[in-house]
Amino acid sequence: MQPSPIALKVSYRARTAALAALGALQACCVGPNFTRPEPPAAARYTSNTLAIESPAAGGGQHVALGKQIEGDWWSLFGSDAIDGVVKQALEHNRTLTQAAETLAQARELALAQAGSRYPQVALTAGVGRQKYGAEFLGGFSVPTFTYYAVGPTVSYTLDYTGGIARSVEQQQAQAEAARQQLDAAYLTVSGQAVMQTLTIASMGAQIATLETILEQDRDNLRLVRSALENGMVARIDVVSAESQIASDSALLPPLRQELSKAHHALSLILGRAPDQELPADLQLAQIVLPLEIPVSLPSELAHRRPDILAAEAHLHAATSAVGVAASNLYPKIQLTATVGPQAGTPGGLFDYSGEAWSIFSGLTMPLFDGGTLRAQKRAAVDAMRASAANYEQTVLEAFTQVADLLEALSHDAEQLAAEDQAQQAAEANLGLTRAAYQEGNVGILQVLDAQRSYQQARLGYVKSVAQRYLDTVQLFLALGGTSPHLLDRPAANNL
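Values in this document were obtained by computation on a predicted structure and should not be read as measured data. (Residues numbered from 1 in each chain as written. Predicted model: local features only at pLDDT ≥ 70, side-chain atom pairs only at ≥ 80, totals over all residues. Heavy atoms only, no water.)

### Here's the deal with helix α10 (residues 444-478)
Working step 1: The end-to-end C-alpha separation of α10 is 50 Å, in line with the 51 Å expected for 35 residues at 1.5 Å each.
Working step 2: Taken from the residues just after α10, Gly480 is the one with a positive phi, measuring 95°. (Helix = DSSP H or I, 4+ residues; strand = E, 2+ residues; numbered from the N terminus. Expected span 1.5 Å × (residues − 1).)

In structure tokens form, the structure reads like this:
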């Protein structure tokens, strides 16, 4: 007998209501929902306005607050050589490759976890021997028999608490943290490539300056020896000049050691052994100092610096973990279905009459666990609060770092101006002292003192110039650099 239209309608409505209820259960997720933290309401990084925040009348270096870096940040130095070094570093650096592979792993784990939301289908096959007890079938005896079975098995865990969804969310947040760590590695590698290139240029400039000073020391020694032969000075003046050469020569080995260390560090960044040839050393004069430095607002920095975004992703994962722990307090419902032929002989598996199926639903409910599950939930809540504190600390540290570097650049300009004046004054004093010595108005000690002052002034000026470049690089890095454009590429070969 065919069912009536009314019965069909009632049956349809019942199924619809059941599916709607099931959907509502599936949409319910226990635990807190993650909300992206609001950045601190700060309009600037320092409490006072810095001189570097307004364009200098002479066209000096200044910052543009609220402006974003366009293009690759290292291109602002206007050096093809630096561009080439950074490109090589990004292509061959092992740390960057490791971070990319870690990201690929995290993404695959997220995909693997996402598969748990769907029914799991497997093919099972088995053969066995079976014997029933005499009383099992009410006194009817069945001899021992062999059975064969084959067919698919479908199992599905009803995620009415959202625990599985939370676990997927947690794994996806961890993948996002790995993505931000790749971004941070990209920023670190590019920054170290530029920093070591500038350090090499700085050491080269200091060595060249010191070698020039040593040449002047030798001129002084020849001058004193000539004066000694003419009876114009005593032997102690010659010893003083020789002592000055020895003192200045002692400054060269440490500078050469620092230059070697910078070369080795650059080799490591480029993914090369230290004995391999490196790009030709740059001169500081060949590198353009960026005069306008784009500085994003604090609220924008919190949404672009990779370490802050990584801390945010870890907070997201910790928040999801609370939902996973909370779902473990509820009963687990699993649905299982099997279908397939069963037979007493292998050939009987192909007989349609041997077809069998089963549907099973199971419920597992925690009754007593010694407080383990509730303790795990409290631990997850504590971990979430710790992640929130870590996020806030990371943001504050980033703001502090930017503030320190803005102050440093402001003071670098003042220091450079002072070193320039000191160098000019020392150079003028040395020239006058040498002229006075040749006329016999001053002794060699005054010449050596003037020479020492000039040496310190020249080295101080070169160091100030190099420090200004290095602080500029550090500021670009503290601001989060620019987007790496590598994160969506395959990890293994494109790096």
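### Topic: helix α5 (residues 235-249)
Working step 1: Relative to the 21 Å expected for 15 residues at 1.5 Å per residue, α5 spans 21 Å between its end C-alpha atoms, a close match to the ideal helical length.
Working step 2: Buried within α5 we find Asp237, Val238, Ala241, Gln244, Ile245 and Asp248. Taken down its axis, α5 places every buried residue within 115° of arc, on the same side. Opposite the packed face of α5, turned more than 90 degrees from it, sit the exposed residues Arg235 and Ile236.
Working step 3: On the buried face of α5, the contacting elements are α4 (163-229), α6 (252-269) and α10. (Buried < 20%, exposed > 50% of the residue type's maximum accessible area, 1.4 Å probe, protein only. Arc of directions from axis to C-beta. Contact = heavy atoms within 4.5 Å.)

### Observations concerning the environment of Pro274
Working step 1: Positionally, Pro274 belongs in the loop between α6 and β4 (292-295).
Working step 2: Non-local contacts of Pro274, meaning those with residues more than four positions away in its chain, are made with His264 and Ser267.

### As for the packing of aromatic side chains
Working step 1: Taken as a whole, this structure holds 6 aromatic pairs when the rule is applied.
Working step 2: For the pair Tyr45 and Phe399, a centre-to-centre distance of 5.9 Å together with 85° between the ring planes defines the contact as edge-to-face. With Tyr45 in the loop between α1 (5-27) and β1 (62-65) and Phe399 in helix α9 (residues 372-438), this residue pair connects regions lying 354 residues apart in the sequence. Each member of the pair, Tyr45 as well as Phe399, carries the same accessibility label: buried. (Phe/Tyr/Trp six-rings, centres within 6.5 Å; stacked < 30°, edge-to-face > 60°.)

### Here's the deal with the packing of α9 against α10
Working step 1: Packing of α9 against α10 leaves a shortest axis separation of 7 Å and a crossing angle of 160°. Taken together, the axes of α9 and α10 are roughly antiparallel relative to one another. Here α9 runs over α10; the crossing is left-handed. (Axes fitted to C-alpha atoms, helices over the stretch in contact; angles between N-to-C directions. Parallel < 35°, antiparallel > 145°, perpendicular 65-115°, else oblique. Left-handed = near helix turned anticlockwise from the far one by under 90°.)

### Observations concerning the pattern of salt bridges
Working step 1: In the structure shown here, the tally under the stated rule is 12 salt bridges.
Working step 2: A salt bridge links Glu312 to Arg36; the shortest N-O distance between them is 2.8 Å. Of this pair, Glu312 sits in helix α8 (residues 306-327) while Arg36 sits in the loop between α1 and β1, placing them 276 residues apart in sequence.
Working step 3: Between Glu242 and Arg225 there is a salt bridge; the shortest N-O distance is 3.1 Å. One end of the pair, Glu242, is in helix α5; the other, Arg225, is in helix α4, and 17 residues separate them in sequence.
Working step 4: Overall, Glu242 belongs to the partly exposed group, its relative accessible area being 30%.
Working step 5: Several salt bridges share partner residues, and in doing so they unite Glu215, Arg218, Asp219 and Arg222 into one network. (Salt bridge = Lys/Arg side-chain N within 4 Å of Asp/Glu carboxyl O.)

### Some details on the side chain of Gln216
Working step 1: Position of Gln216 among the secondary structure elements: in helix α4.
Working step 2: Side chain to side chain, Gln216 and Gln451 meet in a polar contact 3.1 Å long.
Working step 3: Ignoring anything within four residues of it in the chain, the contact list for Gln216 reads Arg434, Gln451, Tyr454 and Arg458. (Polar contact = N/O pair within 3.5 Å; in protein donor to acceptor, adjacent residues only side chain to side chain.)

### What about the environment of Thr199?
Working step 1: With respect to the helices, strands and loops of the structure, Thr199 is situated in helix α4.
Working step 2: Distance from Thr199 to Leu282, taken between C-alpha atoms, is 9.8 Å for residues 83 residues apart in sequence.
Working step 3: If we ignore the near neighbours within four places in the chain, the residues touching Thr199 are Ala262 and Leu470.

### What to know about the pairing of strand β5 (residues 332-343)
Working step 1: As defined by bridge partners, strand β3 (residues 145-158) adjoins β5 across 8 bridges and the pair is classed as antiparallel. Following the sheet pairing, Tyr148 is matched in β5 by Ala343. (Pairing = 2+ DSSP bridges.)

### Observations regarding the packing of α5 against α10
Working step 1: Between α5 and α10, the shortest axis-to-axis distance is 9 Å and the interhelical angle comes to 15°. One element, α5, and the other, α10, form an angle in the roughly parallel class. Here α5 runs over α10; the crossing is right-handed. For the pair α5 and α10, contact is made by Asp237, Ser240, Ala241, Gln244 and Asp248 and by Ile444, Leu445, Leu448, Arg452 and Gln455, respectively.
Working step 2: Class assignment of the residues belonging to the contact of α5 with α10 gives a composition of 4 nonpolar, 3 polar and 3 charged. (Nonpolar A, V, L, I, M, F, W, Y, C, P; charged D, E, K, R; others polar.)

### Focus: the confidence of the model for the protein
Working step 1: For the protein, per-residue confidence averages 85 on the pLDDT scale, and 91% of positions sit at 70 or higher.
Working step 2: Of all secondary-structure elements in the protein, the lowest mean pLDDT belongs to α1, at 41, while α8 reaches the highest, 95.
Working step 3: Overall, residues 1-27 carries pLDDT values under 50, and its contacts beyond four positions in sequence, including any with other chains, amount to 9 contacts.
Working step 4: Here residues 486-495 is modelled with pLDDT under 50, and outside its nearest four sequence neighbours on either side it reaches 20 contacts, counting other chains as well. (pLDDT = per-residue confidence, 0-100.)

### Focus on the pairing of β3
Working step 1: Relative to β3, strand β2 (residues 120-130) is paired through 11 bridges, and the arrangement is antiparallel. Residue pairing in the sheet places Gly126 in a bridge with Ala149 of β3.

### A word on the nonpolar core
Working step 1: Ranked by size, the top nonpolar core spans 77 residues in total, and within it Tyr45, Trp73 and Leu475 carry the most contacts.
Working step 2: Those elements that provide at least two residues to this core are α2 (80-92), α3 (94-114), α4, α6, β4, α8, α9 and α10.
Working step 3: Of the residues forming this core, the biggest block, 18 residues, is contributed by α4.
Working step 4: Dropping the residues within four chain positions of it, Leu475 is found in contact with Ile293, Val295, Val402, Leu405, Leu406 and Leu409.
Working step 5: Among the nonpolar cores identified, the runner-up in size contains 11 residues, and Leu221, Val233, Ala241 and Leu448 belong to it. (Core = buried A, V, L, I, M, F, W, Y, C linked by side-chain atoms within 4.5 Å.)

### Re the sheet that holds β3
Working step 1: In space, the 4 strands of this open sheet follow the order β2-β3-β5-β6, with antiparallel pairing throughout. Only two strands of the sheet have a single neighbouring strand rather than two, namely β2 and β6 (355-364). Ignoring which end each strand starts from, the neighbouring axes of this sheet average 25° apart.
Working step 2: With 10 bridges joining them, β5 and β6 adopt antiparallel strand pairing. Directly across from Gly340, in β6, lies its bridge partner Ala356.

### Re the side chain of Thr319
Working step 1: Residue placement: Thr319 occurs in helix α8.
Working step 2: According to the relative accessible area criterion, Thr319 is buried, its value standing at 5%.
Working step 3: The residues contacting Thr319, other than those within four sequence positions of it, are Pro32, Asn33, Phe34 and Met384.

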